[in-house]
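If you want the building blocks of each chain, they are given just below.
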Amino acid sequence: MEKPIKIKKKKNWMEISFILFCVALPVLNWLVFYVYTNLSSFLMAFTKVDGTLTLEHFTRLFQEFQIASSDIRTALKNTLLTFGLLVLSYPFKVLVSFFIYKKVPFAGIYRILFFLPSIIFGVAIAMIFNRMVSPNGFIAETVQNLLHLDYVPELLSDSRFANATVLLHMLWLGFPGDLIIWGGTFARIPGEMLEAGRIDGVNWWTEFTKIVVPMVWPTVSLQIVMMACGVFGASGAVFLLTRGEYGTMTLSCWTYLQVLNVAGTAETSNAFHYLSAVGFVMTVIAIIISLSVRKVADSYFEEVEF
């Protein structure tokens, strides 16, 4: 019996070279800016600037947390407050997106009004918002009238109002991205499913909670997990609006200011090593929270294919 003749396929070296050329830059970027950066940061958390091993950065971190007036404790409190507000506002964002998807009256106008701030440069938006809440703006006058103050408050320069004003800015800009995501997600729901619900006489709330949410739950679950991953990155435009002053400091702003203040003394200061220790602790906590949230979110609804 004759053996089958094996035909050796010639390798297309031009095609292989092209593929390698396309993936070389992303792989190099990943190795340098992710693997090397994170490995270096991990080692810095356990060393001093002279290279000796130490745990004093972690000791300093826990000692500063015990001081009620420390900047990092204030930053953590404001960060958790910001994150809590994001979590509480999330269902309302989904609900608003649902109503716009249902094409309520003036839905197109609402979509433009909510999305418009996201296409304008962040610094410009911060300047506009600063004008809106300044003593010459209508918001400050409204606060004065509501609280019966004998002066027009400077909302971003007064510790009584600064945090609330920064959070207001964050809520104002919180809708645009969700509108885009949810608009595409809701559009994938088969019209027959919603039509069947209307024939059965379901109201809008039943339609939203019993039909729409279970069908788009993978997207909801993913967004919830992503929010949990960024629990310590919740900040808003604190740096642009107040630079962390007047009791508005968050962890992101605090970290940036720490790096900014020691930019010229990095070779002789342990500041970067201390920040690496802070980042290491926050990362471990965020991973635990994210995995826990993912486990709960994935088990809440069974995945629906459509």
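Residues numbered from 1 in each chain as written. Predicted model: local features only at pLDDT ≥ 70, side-chain atom pairs only at ≥ 80, totals over all residues. Heavy atoms only, no water.

A. Examining the overall build of the chain more closely. Secondary structure summary: the chain contains 14 helices and zero strands in total. The buried share of the chain, reckoned over its 306 residues, is 33%. Long-range pairs, those at least 24 residues apart, make up 65% of the contacts in the chain between residues at least 6 apart in sequence. Carbon together with sulfur atoms contributes 67% to the accessible area of the chain, which is approximately 20,100 Å² in total. (Helix = DSSP H or I, 4+ residues; strand = E, 2+ residues; numbered from the N terminus. Buried < 20%, exposed > 50% of the residue type's maximum accessible area, 1.4 Å probe, protein only. Contact = heavy atoms within 4.5 Å. Areas by Shrake-Rupley, 256 points an atom, 1.4 Å probe, with all protein chains shown as cover.)

B. Spatial organisation of the packing of helix H9 (residues 191-199) against helix H10 (residues 204-215). Where H9 meets H10, the axes come as close as 11 Å, and the angle between the chain directions of the two elements is 165 degrees. The angle between H9 and H10 falls in the class roughly antiparallel. Between H9 and H10 the crossing geometry is right-handed. Contact residues: Met193, Leu194, Gly197 and Arg198 in H9; Glu207, Ile211, Val212 and Met215 in H10. (Axes fitted to C-alpha atoms, helices over the stretch in contact; angles between N-to-C directions. Parallel < 35°, antiparallel > 145°, perpendicular 65-115°, else oblique. Left-handed = near helix turned anticlockwise from the far one by under 90°.)

C. Inspection of the environment of Lys77 at higher detail. Assignment of secondary structure puts Lys77 in helix H3 (residues 71-101). For the pair Lys77 and Thr248, spaced 171 residues apart in sequence, the C-alpha to C-alpha distance is 9.6 Å.

D. Geometry of helix H11 (residues 217-229). Its 13 residues give H11 an end-to-end C-alpha distance of 18 Å, which sits within 8% of 18 Å, the value for a rise of 1.5 Å per residue. Three or more residues of H11 are buried, namely Trp217, Val220, Ser221, Gln223, Val225 and Ala228. (Expected span 1.5 Å × (residues − 1).)

E. Focus on the nonpolar core. Counting 36 residues, the largest nonpolar core has Ile72 and Trp254 as the members making the most contacts within it. Mapped onto this core, the elements with two or more residues apiece are helix H2 (56-65), H3, helix H5 (122-132), helix H6 (138-147), helix H12 (238-241), helix H13 (251-261) and helix H14 (271-298). In terms of residues, this core owes the most to one element, H14, which gives seven residues. Ignoring any residue separated from it by four or fewer positions in sequence, one finds Ile72 in contact with Leu61, Glu64, Phe65, Leu251, Trp254, Tyr274 and Val278. Within the second largest apolar cluster, 16 residues are counted, among which are Leu95, Phe186, Ile189 and Val212. (Core = buried A, V, L, I, M, F, W, Y, C linked by side-chain atoms within 4.5 Å.)

F. Quick look at the layout of surface pockets. Computed from the structure, the largest pocket encloses a volume of approximately 780 Å³. Residue lining of the largest pocket: 27 residues in total, with Asn38, Ser41, Gly279, Phe280 and Thr283 positioned closest to the centre. Secondary structure elements with two or more residues in the lining of the largest pocket: helix H1 (13-45), H13 and H14. By residue number, the principal contributor to the lining of the largest pocket is H14, which donates 12 residues. The residue inventory of the lining of the largest pocket, partitioned by class, reads 16 nonpolar, 11 polar and no charged. (1 Å grid on protein atoms, 1.4 Å probe; cavity = no way out; pocket = protein on both sides within 12 Å on 5 of 7 lines; lining within 4 Å. Points joined across faces, edges and corners; volume = space filled by probe spheres on them. Nonpolar A, V, L, I, M, F, W, Y, C, P; charged D, E, K, R; others polar.)

G. Looking closely at the packing of aromatic side chains. A full pass over the atoms with the stated rule returns 14 aromatic pairs. Here Phe58 and Phe280 contribute two aromatic rings whose centre-to-centre distance is 5.9 Å and whose plane-to-plane angle is 80 degrees, an arrangement assigned as edge-to-face. Taken together, the positions of Phe58 in helix H2 and Phe280 in helix H14 put the pair 222 residues apart, joining distant regions of the chain. Summarising the aromatic geometry, the rings of Phe98 and Phe186 are spaced 6.0 Å apart at their centres and angled 85 degrees between planes, so their arrangement reads as edge-to-face. Of this pair, Phe98 sits in helix H3 while Phe186 is found in helix H8 (residues 175-187), placing the two residues 88 residues apart along the sequence. As far as the burial class goes, Phe98 and Phe186 line up, both buried. Through a chain of ring-to-ring contacts, three or more aromatic side chains come together here, namely Phe98, Phe99, Phe186, Trp204, Trp205 and Phe208. Lying across the ring of Tyr274, Arg60 places its NZ or CZ 3.7 Å from the centre. (Phe/Tyr/Trp six-rings, centres within 6.5 Å; stacked < 30°, edge-to-face > 60°. Lys NZ or Arg CZ within 6 Å of the ring centre and 35° of its normal.)

H. Highlighting the confidence of the model for the chain. Mean pLDDT over the chain works out to 80, with 88% of the residues at or above the 70 mark. H2 holds the highest mean pLDDT among the elements of the chain, 88, whereas helix H4 (residues 107-115) holds the lowest, 71. (pLDDT = per-residue confidence, 0-100.)

I. Quick peek at unusual backbone geometry. Backbone geometry places His148, a non-glycine residue, at a positive phi of 55 degrees. Within the secondary structure layout, His148 lies in the loop between H6 and helix H7 (162-172). Taking relative accessible area as the criterion, His148 reaches 71% and is therefore assigned exposed.

J. How the structure looks around the pattern of salt bridges. Using the criterion set out here, one finds three salt bridges in the structure. One salt bridge in this structure joins Arg60 and Glu64, with 3.1 Å as the shortest N-O distance. Of the two residues, Arg60 and Glu64 are both situated in helix H2; the distance of four residues between them amounts to about one turn of the helix. Arg60 sits in the partly exposed class, given a relative accessible area of 37%. Where Asp158 meets Arg160, a salt bridge forms, and the shortest distance between an N and an O atom there is 3.0 Å. (Salt bridge = Lys/Arg side-chain N within 4 Å of Asp/Glu carboxyl O.)

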